[in-house]
Amino acid sequence: MKMELRHLRYFVTVAHEGHITRAAEKLRMQQPPLSQQIRALEREVDATLFVRHPRGVTLTDAGRAFLKDAESILSEVEHAKLRARRTARGEVGRIAVGFTTSAPFHPLVARARVSGLRDGRLDVAFIRSGLVDPEGITVHALLQEDTAVAFPAKHPLSKRPALALKELAEEMFILYRRPDGRGLYDVIIAACSEAGFSPHIGQEAPRIVSTLNLVAAGLGITIVPASLSRLPLEGVVYRPLKGKPALKVPLNLACRRDERSAATLAFIDLVRKLKS
């Protein structure tokens, strides 16, 4: 006899019931075929698993040892089936997520995230702007984030609870600028123009965290996504922008256009629901 999972289930049921007839009823089968299967199983393992009594059966030492392993095997099989079902539904699985925070905002990071999507190293990526080359990539717009002004700690305007963009017309700006000219830099320039002034730009930095270090040194002010104001930096005070024009920065979710992973698709669906 070639041992199958059903033979283990037969054995475990008999061991738990302590009676072949009751086990047969529970298994919805006849008692003689069940007895034959148990004896065949004993021949297969080359050991007596039960001691037969007039009113039932008890496990031998070999039977008790076999029961522990049989229960473990059946349990793992059930877990395997459950994992497969949950994976098929996208409830479990591995997702490689790339994201932009308001600290490591280096251009190379943004380019690597999109490259990672295309070559399969990433499944989804949170990005701040659209893509210059969107081939094979779908970008889902998630939200428009408010912005805040970062002042040197002793700046007079830092005493105000909030400011309108036009109140910054005479300030020296320190801006983060990507080489492709896209992203936060363009958003700030356009908003300042709408507010009626062209910002005085003292310095441009390759990373947004670099702009904050220059602000802390007292060299000017900068504008950052509001989420960054949750990260304290000595010498920097954040104040929200209010009024019109509203200066907001986008947060998008990028993924491969031909994505088929159930886990990844479920993640995308969840994120899109959470943003609404």
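Residues numbered from 1 in each chain as written. Predicted model: local features only at pLDDT ≥ 70, side-chain atom pairs only at ≥ 80, totals over all residues. Heavy atoms only, no water.

A. Representation of the packing of aromatic side chains within the structure. Applying the stated criterion across every chain yields a total of 3 aromatic pairs. When the ring of Phe-11 is compared with that of Phe-50, the centres are 5.3 Å apart and the planes differ by 50°; the resulting orientation is tilted. In this pair, Phe-11 is assigned in helix H1 (residues 5–17) and Phe-50 in strand E1 (residues 50–53), connecting sequence segments 39 residues apart. Pairing Phe-173 with Phe-197 gives two aromatic rings, centres 6.5 Å apart and planes at 40°, and the pair type is tilted. Note that Phe-173 is positioned in strand E7 (residues 172–176) and Phe-197 in the loop between helix H6 (184–194) and strand E8 (200–205), a separation of 24 residues in sequence. There is no split in this pair, since Phe-173 and Phe-197 are both buried. Of the aromatic side chains, those joined through ring pairs into one cluster are Phe-11, Phe-50 and Phe-66. (Phe/Tyr/Trp six-rings, centres within 6.5 Å; stacked < 30°, edge-to-face > 60°. Helix = DSSP H or I, 4+ residues; strand = E, 2+ residues; numbered from the N terminus. Buried < 20%, exposed > 50% of the residue type's maximum accessible area, 1.4 Å probe, protein only.)

B. Main features of the packing of H1 against helix H2 (residues 20–27). For the pair H1 and H2, interaxial distance at closest approach is 8 Å and the crossing angle is 125°. In terms of orientation, H1 lies oblique with respect to H2. Note on packing geometry: the crossing formed by H1 with H2 is right-handed. Contacts between H1 and H2 involve Tyr-10, Thr-13, Val-14 and Glu-17 on the former and, on the latter, Ile-20, Arg-22, Ala-23, Lys-26 and Leu-27. (Axes fitted to C-alpha atoms, helices over the stretch in contact; angles between N-to-C directions. Parallel < 35°, antiparallel > 145°, perpendicular 65-115°, else oblique. Left-handed = near helix turned anticlockwise from the far one by under 90°. Contact = heavy atoms within 4.5 Å.)

C. The arrangement of helix H4 (residues 61–88) in detail. Along its 28 residues, H4 runs 41 Å from first to last C-alpha, staying within 8% of the 40 Å computed at 1.5 Å per residue. Within H4 the residues assigned to the buried category are Gly-63, Phe-66, Leu-67, Ala-70 and Leu-74. The inward-facing, buried residues of H4 contact H1, helix H3 (31–45) and strand E2 (56–59). (Expected span 1.5 Å × (residues − 1).)

D. Here's a closer look at the side chain of Asp-123. Mapped onto the fold, Asp-123 is located in the loop between helix H5 (107–118) and strand E4 (124–127). Only 3.1 Å separates the side chain of Asp-123 from the side chain of Arg-256, close enough to count as a polar contact. (Polar contact = N/O pair within 3.5 Å; in protein donor to acceptor, adjacent residues only side chain to side chain.)

E. Quick peek at the nonpolar core. Grouped together as the largest cluster of nonpolar side chains are 30 residues, with contacts concentrated most on Leu-165, Leu-168, Phe-173 and Ile-223. Going through the elements one at a time, strand E5 (137–152), E7, H6, helix H7 (208–216), strand E9 (222–225) and strand E10 (236–242) are the ones with two or more residues in this core. Looking at this core, the element that brings in the most residues is H6, giving 5 residues. If we skip the residues at most four places from it in the chain, Ile-223 touches Thr-147, Ala-148, Leu-165, Leu-168, Phe-173, Leu-184, Ile-188, Leu-241 and Leu-247. Ranked by size, the runner-up nonpolar core spans 20 residues in total, among them Phe-11, Ile-20, Ile-38 and Leu-59. (Core = buried A, V, L, I, M, F, W, Y, C linked by side-chain atoms within 4.5 Å.)

F. Structural detail: unusual backbone geometry. For the bond running from Lys-244 to Pro-245, omega is 0°, close enough to zero to count as cis. Locating Pro-245 in the fold gives a position in the loop between E10 and strand E11 (248–256). Phi is positive for Arg-28, which is not a glycine, with a value near 60°. Along the polypeptide, Arg-28 turns up in the loop between H2 and H3. Given a relative accessible area of 80%, Arg-28 falls into the exposed group.

G. Region of the structure containing the pattern of salt bridges. In this structure the tally under the stated criterion is 11 salt bridges. In this structure, Arg-64 engages Asp-61 in a salt bridge whose closest nitrogen and oxygen atoms are separated by 2.2 Å. Note that Arg-64 and Asp-61 are positioned in helix H4 at a spacing of 3 residues, about one turn of the helix. Judged by relative accessible area, Asp-61 falls into the exposed class, the value being 58%. Arg-256 serves as the salt-bridge partner of Asp-123, at 3.1 Å between the closest nitrogen and oxygen. Placement of the pair is Asp-123 in the loop between H5 and E4 and Arg-256 in strand E11, with a sequence separation of 133 residues. Each of the two residues, Asp-123 as well as Arg-256, counts as buried. Several salt bridges share partner residues, and in doing so they unite Glu-17, Arg-22 and Lys-26 into one network. (Salt bridge = Lys/Arg side-chain N within 4 Å of Asp/Glu carboxyl O.)

H. Molecular detail of the packing of H1 against H4. Direction vectors running N to C along H1 and H4 enclose 125°, while the axes themselves pass 9 Å from each other. The angle between H1 and H4 falls in the class oblique. Classified by chirality, the crossing of H4 by H1 is left-handed. Every residue of H4 that contacts H1 at Leu-5, Leu-8, Arg-9, Phe-11, Val-12, Ala-15 and His-16 is listed here: Gly-63, Phe-66, Leu-67, Ala-70, Glu-71, Ile-73, Leu-74, Val-77 and Glu-78. In terms of residue class, the contact of H1 with H4 is made up of 11 nonpolar, 2 polar and 3 charged. (Nonpolar A, V, L, I, M, F, W, Y, C, P; charged D, E, K, R; others polar.)

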